[in-house]
Amino acid sequence: MTDQKPLRLLAEEGDDLKIIAAAVQDAVVKAGNLSYEKRKRRFTIELNRYRWETAPTRKGQPGERVRSLLAFDGVLGVKTRGITKTDPELILSLLSADFVADVAEPPGGRVVLLFAGDGEIVLTVEALDGALLDSDYVWPTRHVPSHERRKR
């Protein structure tokens, strides 16, 4: 394993969120680790993120996953499509995160989290205020996420 420092990234603009989105692409999360604290206006996801920044350069070398927290503050509402917490052990794969600014009422907008299998979470935010925080818990993995179709 590498001695890479844990990531600590903040998002206050759409371009910032694109950087976080690249880091969390293909992260896996249990449905039970999605949390919305309405009173605190905070949405969090505890996830296992593939460390793209330390990805192996040669085939056959193990990659790494790290336990991380993706959090958004100033959340006014949450809508989901194709995602349920009835089975807290259900594994979801995060594909992308994007910010859509509200033209009528800046700096507000929507954070759109897209999951494999057409699952989606839309956060209505008063302003983009996101963070990705890695823990020190890192482990090797031989499975490198791939979006290419396998040939039969």
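As shown above, the structure is provided for reference.
S.K.: Run through unusual backbone geometry, naming residues and quoting values.
M.R.: Residue Pro106 is joined to Pro107 through a cis peptide bond whose omega torsion reads 5 degrees. Relative to the helices and strands, Pro107 resides in the loop between β7 (91-101) and β8 (109-115). Positioned with a positive phi, Asp26 is a non-glycine residue whose angle comes to about 75 degrees. With respect to the helices and strands, the residue Asp26 is situated in the loop between α1 (14-24) and β2 (27-30). By relative accessible area, Asp26 is classed as buried at 6%. Phi at Asp118 takes a positive value of approximately 70 degrees, unusual for a residue other than glycine. Here Asp118 shows up in the loop between β8 and β9 (119-125).

S.K.: Could you give me a rundown of α1, with the residues and numbers involved?
M.R.: Listed as buried for α1 are Leu17, Ile20, Ala21, Ala23 and Val24. Looking straight down α1, one finds that the buried residues subtend no more than 160 degrees of arc, so they occupy a single side. In α1, the exposed positions that point more than 90 degrees away from the buried face belong to Asp15, Lys18 and Ile19. Just beyond α1, the residue with positive phi is Asp26, at close to 75 degrees.

S.K.: Report on the packing of aromatic side chains, specifying residues and quantitative values.
M.R.: Inspection of every chain in the model, using the stated rule, returns two aromatic pairs. Look at Tyr50 and Trp52: their rings are 4.7 Å apart centre to centre, the planes differ by 65 degrees, and that puts the pair in the edge-to-face class. Under the relative-accessibility criterion, Tyr50 is labelled buried at 0%. By relative accessible area, Trp52 is classed as partly exposed at 30%. Pairing Tyr137 with Trp139 gives two aromatic rings, centres 4.9 Å apart and planes at 35 degrees, and the pair type is tilted. The exposure class assigned to Tyr137 is exposed, which follows from its relative accessible area of 52%. Classification of Trp139 by relative accessible area gives partly exposed; the value is 23%.

Scoring rules and cut-offs
- Residues numbered from 1 in each chain as written.
- Predicted model: local features only at pLDDT ≥ 70, side-chain atom pairs only at ≥ 80, totals over all residues.
- Heavy atoms only, no water.
- Helix = DSSP H or I, 4+ residues; strand = E, 2+ residues; numbered from the N terminus.
- Buried < 20%, exposed > 50% of the residue type's maximum accessible area, 1.4 Å probe, protein only.
- Arc of directions from axis to C-beta.
- Phe/Tyr/Trp six-rings, centres within 6.5 Å; stacked < 30°, edge-to-face > 60°.

Geometric descriptors of this kind do not, in isolation, establish any biological role.
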